[in-house]
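Now for the letters of each chain:
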Amino acid sequence: MMKQSAASTENPFKVPSLAEQERMIEAVLFASSEPLSKLQIEMRMSHGCDIAEALVLLRKRYEGRGVHLVKAGDGWAFRTAPDLGFLMQKEQVEVRKLSRAGVETLAIIAYHQPVTRAEIEEIRGVSVSSGTIDILMELEWIRLGRRRMTPGRPVTFVVTREFLDHFGLESVRDLPGIKELRDAGLLDNRLPHDAEDNENRRKIL
Amino acid sequence: MMKQSAASTENPFKVPSLAEQERMIEAVLFASSEPLSKLQIEMRMSHGCDIAEALVLLRKRYEGRGVHLVKAGDGWAFRTAPDLGFLMQKEQVEVRKLSRAGVETLAIIAYHQPVTRAEIEEIRGVSVSSGTIDILMELEWIRLGRRRMTPGRPVTFVVTREFLDHFGLESVRDLPGIKELRDAGLLDNRLPHDAEDNENRRKIL
Amino acid sequence: MPDDMMPTAPDDDFEGNKSRHQAEALTVDVDGFEGPLDLLLALARMQKVDLRRVSLLALAEQYLGFVERAKRLRIELAADYLVMAAWLAFLKSRLLLPQGPGDEGPSGEQLAAQMAFRLERLEAMRQSAAKLMARDRKGKDFFVRGIAGDHSARRRITYTASILDLMQAYAWLNTKSRFKPLHNMRERTLVFTMEEALNRMKAMIGQAIDWVCMSSFIPDRAGHPQGLRSTTASTFAAALELVKAGKLEIRQAGTFAPIELRAKDVRQ
């Protein structure tokens, strides 16, 4: 192998062996961003290479492997074996900014948890679409808490461990700015995670 | 092997044969331009696969070929054989030429990692401009390591998998001459303030 | 760095024109060096010995000679070159004069060893950097797969938000729901007018010879958050009005720190 590669690099006039040609084509096709025709491959190789034969050999070498040498039109390229396509189903994750309704709902749940849907609606002043709740649930940022022991026994929402991880918080008590918000008069002085208290607070408002 | 059979009894799905696993890994790695860690590969495969063994087989299979299976840090990837680089002029990308400060800073981080900015400056005898660090960060060759548990808790820099991949290194242990440098005491992160110690070292030499 | 850019060694055989010429070449050189350690290393290399056996005394003399020549040629050297010169002069004295038993600190030999270590280490890093850059490199000598299209993408949408988004949303909600215009509210009696506040303040500021927290001027309406909001707003506005009128001074140590008031000394 060493001898072969030495021949190809050190003496450009000598025709590489067939095995070396195969090796060269393998590298060229692997690195190329598009399928290459015989002519295109030939142009990259040293003079006197008969790449047709080397291509046949190379194709044979990859038979039954996880990668195949395939010909499409007049172009040659490596492709993963069709039967393994299921392995290549890469999830393309598109990251979008959470909508304002989403952020607000999430904020209310974080600061007031456990909180019912009716309470979220009351604070936001508009109804909460189930789509918003669904997205937050799917993101695993919120989950169902205990049912509230009031008529109708409504479900409550609380934030999750996943939420804390995403926002880099140890606990909801660490919500940055909660103190600042309170000092600025933007928050009620009562602890937001005390359900009992929240209930009372809501009665006053 | 044990792991496989154990897994297959638990798992209603059949664990693929080792040859098939090798094929699957081949396809997965071929399709990815980024190195994939064992864990990343495993996540794409069926349960119960012992990919370590399959990787060894696969690596062997590509030995001496035009394409190699290489390891960079914890990642595995196919790369063309370095001796065939001359064929790929078309694919060559213009690598931004690093300044001398950039090259030296990179080397110091690679050989001394994790290393603080102050230590880099101590070794080079000049201050490190943030531009230098920025460029290395942008190239994704270095990243922040853990903070040093010394007063001020300074951040440290370490090299990345991309660095290893770019320079064809399996790990930092494969850095050229690193063993000799370490044996000569030239990689001690301890600053040469304790002259006593240096004295001893130099007497030994 | 090309050889002809090397600084002059003071033990050159020729004095006069040649050394002068070379000393002038140094001006260019100083820019070429990355600090005094770099220059020292270049000087050390000229000793053409193993760096571990480099003569620190000779090196110190060369460096000091370089600084001396630069001074003669009125070349301005950066501060760190001069700091190094001072240190090397100190090293020289330590190396030449026997250290008395009462002398504090490391010996000349220790200091020399320390400097030799630094030079050796910098040189080692330079060589390693060169070796590193000379390796086969991705995109130059070896290549990644050119076609990156074997993945059939299954698109999944995920959402993100930052903690700031969260806080801003919450703050906005709070301001929106609480800061309802007070004149629309049923609790009209809770409104504290600006006029009321001004009168109250005027009556009280005489006592504020020293800094007093503004909150102590706010009438107590415990249990009525909306009322507190109104009284706070009016008191603050009244305070500003009095500052404007030159009757009051106002200060705040920082964001969210208490606002403090003091009567302006009219005798001044």
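Residues numbered from 1 in each chain as written. Chains lettered and ligands numbered in written order. Predicted model: local features only at pLDDT ≥ 70, side-chain atom pairs only at ≥ 80, totals over all residues. Heavy atoms only, no water.

Chemist: Would you take a moment to explain the overall build of chain C for this structure?
Modeler: Along its length, chain C carries eight helices and four strands. Sequence-ordered secondary structure for chain C, helices as α and strands as β, is α-α-α-α-α-β-α-α-β-α-β-β. Considering chain C as a whole, with its 268 residues, one finds that 41% of them fall into the buried category. Taking all contacts inside chain C whose residues are at least 6 apart in sequence as the whole, residues at least 24 apart take part in 56%. As presented, chain C carries roughly 15,100 Å² of accessible surface, and 54% of it is formed by carbon and sulfur atoms. (Helix = DSSP H or I, 4+ residues; strand = E, 2+ residues; numbered from the N terminus. Buried < 20%, exposed > 50% of the residue type's maximum accessible area, 1.4 Å probe, protein only. Contact = heavy atoms within 4.5 Å. Areas by Shrake-Rupley, 256 points an atom, 1.4 Å probe, with all protein chains shown as cover.)

Chemist: How should I be thinking about the overall build of chain A in this particular structure?
Modeler: Within chain A one finds ten helices and seven strands. Every one of the 205 residues in chain A was classed for burial, and the buried ones make up 44%. When contacts within chain A are restricted to residue pairs at least 6 apart in sequence, long-range pairs at least 24 apart make up 44% of them.

Chemist: Teacher, can you tell me more about the interface of chain B and chain A here?
Modeler: By a widely used convention, the size of an interface equals the accessible area lost when the partners come together. Facing the 29 residues of chain B at the interface are 33 residues of chain A. Both faces considered, chain B and chain A share a buried interface measuring about 2,600 Å² in area, 59% of it formed by carbon and sulfur atoms. The three residues of chain B that bury the most area against chain A are B:Arg23, B:Arg65 and B:Leu87, which together make up 26% of that side's buried surface. A:Arg65 is the partner of B:Glu26 in a salt bridge, and the nearest nitrogen-oxygen pair spans 3.0 Å. Applying the counting criterion to the chain B and chain A interface returns 14 residue pairs in polar contact (both at pLDDT 80 or more). Breaking the side of chain B that touches chain A down by element, the ones donating at least two residues are α2 (18–31), α4 (51–61) and β3 (75–80) of chain B. Top contributing element to the side of chain B that touches chain A by residue count: α2(B), with nine residues. Here the side of chain B that touches chain A is composed, by residue class, of 15 nonpolar, three polar and eleven charged. (Buried area = accessible area lost by both parts, 1.4 Å probe. Salt bridge = Lys/Arg side-chain N within 4 Å of Asp/Glu carboxyl O. Polar contact = N/O pair within 3.5 Å; in protein donor to acceptor, adjacent residues only side chain to side chain. Nonpolar A, V, L, I, M, F, W, Y, C, P; charged D, E, K, R; others polar.)

Chemist: Please explain the sheet that holds strand β1 (residues 36–37) of chain B as it appears in this structure.
Modeler: Sheets are built from strands paired through backbone hydrogen bonds, the pairs being either parallel or antiparallel. Spatial ordering of the open sheet is given by β1-β3-β2 (chain B), a layout of three strands whose pairing is antiparallel. Looking at which strands have only one partner, the edges of the open sheet turn out to be β1 and β2 (67–72) of chain B. Bridge count for β1(B) against β3(B) is two bridges, and the pairing is antiparallel. What sits directly across from B:Ser37, in β3(B), is B:Gly75. Seen against the sheet, helix α2 (residues 18–31) of chain A touches β2 and β3 of chain B and runs at an angle of roughly 115° to β3(B). (Pairing = 2+ DSSP bridges. Axes fitted to C-alpha atoms, helices over the stretch in contact; angles between N-to-C directions.)

Chemist: For this particular structure, what's the right way to read the side chain of B:Glu104?
Modeler: Inspection of the secondary structure assignment puts B:Glu104 in helix α5 (residues 100–112). For B:Glu104, a relative accessible area of 4% gives the class buried. Those residues in contact with B:Glu104, other than ones at most four positions away along the chain, are B:Arg124, C:Leu122, C:Arg126 and C:Ala129.

Chemist: Would you explain the sheet that holds strand β1 (residues 36–37) of chain A in this entry?
Modeler: Residues and elements named next belong to chain A. Sheet architecture is open: three strands sit in the order β1-β3-β2, paired in antiparallel fashion. Each end of this open sheet is capped by a strand with a single partner; those strands are β1 and β2 (67–72). As defined by bridge partners, β2 adjoins strand β3 (residues 75–80) across six bridges and the pair is classed as antiparallel. Directly across from histidine 68, in β3, lies its bridge partner arginine 79. Across the face of the sheet, α2 comes into contact with β1, β2 and β3 while running at roughly 75° to β3.

Chemist: Hey, could you run me through the packing of helix α5 (residues 100–112) of chain A against helix α7 (residues 130–138) of chain A in this one?
Modeler: Helices that pack against each other are described as a pair by the angle of their axes relative to one another and the distance between those axes. All names here are of chain A. The geometry of α5 relative to α7 is characterised by a closest axis approach of 10 Å and an angle of 70° between their N-to-C directions. As the angle between them shows, α5 and α7 are arranged roughly perpendicular. Between α5 and α7 lies a crossing whose hand is right-handed. Here Ala101, Gly102, Thr105 and Leu106 of α5 lie close against α7, whose contacting residues are Thr132, Ile133 and Leu136. The class makeup of the residues in the contact of α5 with α7 is four nonpolar, three polar and no charged. (Parallel < 35°, antiparallel > 145°, perpendicular 65-115°, else oblique. Left-handed = near helix turned anticlockwise from the far one by under 90°.)

Chemist: How should I be thinking about the pattern of salt bridges in this particular structure?
Modeler: Pairs can form between side chains of opposite charge whenever their charged atoms are close. Residues and elements named next belong to chain B. Using the criterion set out here, one finds 36 salt bridges over all chains in the structure. The partner of glutamate 20 in a salt bridge is arginine 23, and the shortest N-O contact between them spans 3.2 Å. Pair noted here: glutamate 20 and arginine 23 are both in helix α2, with a separation of three residues, about one helical turn. The exposure class assigned to arginine 23 is buried, which follows from its relative accessible area of 11%.

Chemist: I keep staring at the interface of chain C and chain B and nothing clicks. Help me out?
Modeler: Tallying the contact residues gives 38 residues for chain C and 57 residues for chain B. Summed over both sides, the interface of chain C with chain B buries roughly 4,400 Å², with 59% coming from carbon and sulfur. Run the count over chain C and chain B and you get eight salt bridges. Put simply, C:Glu34 and B:Arg124 hold a salt bridge, and the shortest N to O gap is 2.6 Å. Remark: the boundary between chain C and chain B carries 13 residue pairs in polar contact (both at pLDDT 80 or more). Where the side of chain C that touches chain B is concerned, the elements lending two or more residues are α2 (35–46) and α5 (108–133) of chain C. Tallying contributions element by element places α5(C) first for the side of chain C that touches chain B, with 18 residues. Looking at the side of chain C that touches chain B, its residues break down into 14 nonpolar, seven polar and 17 charged.

Chemist: Would you mind showing me how to read the pairing of strand β4 (residues 259–263) of chain C here?
Modeler: Looking down a regular strand, the side chains alternate between one sheet face and the other. All names here are of chain C. When strand β2 (residues 212–213) meets β4, the two strands line up antiparallel, connected through two bridges. If you follow valine 212 over to β4, its bridge partner there is leucine 261. Examined bridge by bridge, strand β3 (residues 248–252) and β4 share five bridges and lie antiparallel to one another. Bridge assignment links glutamine 252 to a residue of β4, and that residue is isoleucine 259. Linking β3 to β4, which pair antiparallel, is a turn of six residues; within it phenylalanine 256 sits at a positive phi near 70°.

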